[in-house]
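Spelled out from the first residue to the last, the chains are:
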Amino acid sequence: MPRGTALECCLRVLTLRDHSEGELRKKLSGKGYEEGEIEASVARMKELGYLDDLRFARSFASSALRNGRGVGPRLKLELARRGVAGSIVSQVLDELAQEYSEQDLLAQLMERRYPGFDAATASDKEKRRIVGYLQRKGFSLGAIFRELKAHED
């Protein structure tokens, strides 16, 4: 049984953190609100400027990039999973590509995650583990190999 109106629930949810429209709809639906009430509440939140997928995507993506949680395909997948439209995802990733370089992000993550790593003395198993980790984060193989080569000093 839902507590209060869907509009009140939206306000409570959005005060905690920014959400995408898809996330908010899923949350309201899970709490048992009817489709008509969900639509009206989401429309009102958008009208008031409390719900904006473009703002959410920019914030989420830049945070993920800064914190090394994902780049490129991984970030695209995470935003799509949160219900952000493909056109918005593409726009945001294009904007952020101007601001952040994959190679710089990779270098920062390597320094933070594997300080003092020396690719020349590392075992093949250790290199494969690192490459796998970085690939799961969304880095391209070319960028990963360039970074490992830079660590062979």
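This structure is a prediction, so every number in the text was calculated from the model and none was measured.

Its 14 residues give helix α3 (residues 35–48) an end-to-end C-alpha distance of 20 Å, which sits within 8% of 20 Å, the value for a rise of 1.5 Å per residue. Turning to α3, its buried residues number three or more, namely Ile38, Ser41, Val42 and Met45. Projected down its long axis, α3 shows its buried positions confined to an angular sector of 100 degrees, all on one face. Turned more than 90 degrees away from the buried face of α3, the exposed residues are Gly36 and Glu47.

Closest axis-to-axis distance for the helix α1 (residues 6–16)/helix α2 (residues 21–30) pair is 11 Å, and the angle between their directions is 125 degrees. Classified by the angle their axes make, α1 and α2 are oblique. Crossing angle aside, the handedness with which α1 passes α2 is right-handed. Side by side, α1 and α2 meet where Ala6, Cys9, Cys10, Val13 and Leu14 of the first sit next to Leu24, Lys27 and Leu28 of the second. Looking at the contact of α1 with α2 residue by residue, the classes come out as 7 nonpolar, no polar and 1 charged.

A few words on the packing of aromatic side chains. Counted under the stated rule, the structure contains 2 aromatic pairs. Here Tyr114 and Tyr133 contribute two aromatic rings whose centre-to-centre distance is 6.1 Å and whose plane-to-plane angle is 85 degrees, an arrangement assigned as edge-to-face. Remark: Tyr133 occurs in helix α8 (residues 124–136) and Tyr114 occurs in the loop between α7 (102–113) and α8; sequence separation between them is 19 residues. In terms of burial, Tyr114 and Tyr133 fall into one category: buried. Positioned over the ring face of Phe60 is Arg69, at 5.7 Å from the centre of the ring.

All right, on to the pattern of salt bridges then. Scanning all chains against the criterion turns up 11 salt bridges. Of the charged contacts in the structure, one is a salt bridge between Arg17 and Glu23, with a shortest N-O distance of 3.4 Å. With relative accessibility at 41%, the residue Arg17 sits in the partly exposed group. You can call Glu23 buried: its relative accessible area is 15%. For Glu95, the salt bridge is made with Arg58, and the minimal N-O distance between the two is 2.8 Å. A residue pair is termed long-range when its members are at least 10 positions apart, and Glu95 in helix α6 (residues 86–99) and Arg58 in helix α4 (residues 53–66) qualify at 37 residues. Salt bridges sharing partners connect three or more residues here, namely Arg17, Glu23, Arg74, Glu78, Arg81 and Arg82.

Criteria and thresholds
- Residues numbered from 1 in each chain as written.
- Predicted model: local features only at pLDDT ≥ 70, side-chain atom pairs only at ≥ 80, totals over all residues.
- Heavy atoms only, no water.
- Helix = DSSP H or I, 4+ residues; strand = E, 2+ residues; numbered from the N terminus.
- Expected span 1.5 Å × (residues − 1).
- Buried < 20%, exposed > 50% of the residue type's maximum accessible area, 1.4 Å probe, protein only.
- Arc of directions from axis to C-beta.
- Axes fitted to C-alpha atoms, helices over the stretch in contact; angles between N-to-C directions.
- Parallel < 35°, antiparallel > 145°, perpendicular 65-115°, else oblique.
- Left-handed = near helix turned anticlockwise from the far one by under 90°.
- Contact = heavy atoms within 4.5 Å.
- Nonpolar A, V, L, I, M, F, W, Y, C, P; charged D, E, K, R; others polar.
- Phe/Tyr/Trp six-rings, centres within 6.5 Å; stacked < 30°, edge-to-face > 60°.
- Lys NZ or Arg CZ within 6 Å of the ring centre and 35° of its normal.
- Salt bridge = Lys/Arg side-chain N within 4 Å of Asp/Glu carboxyl O.

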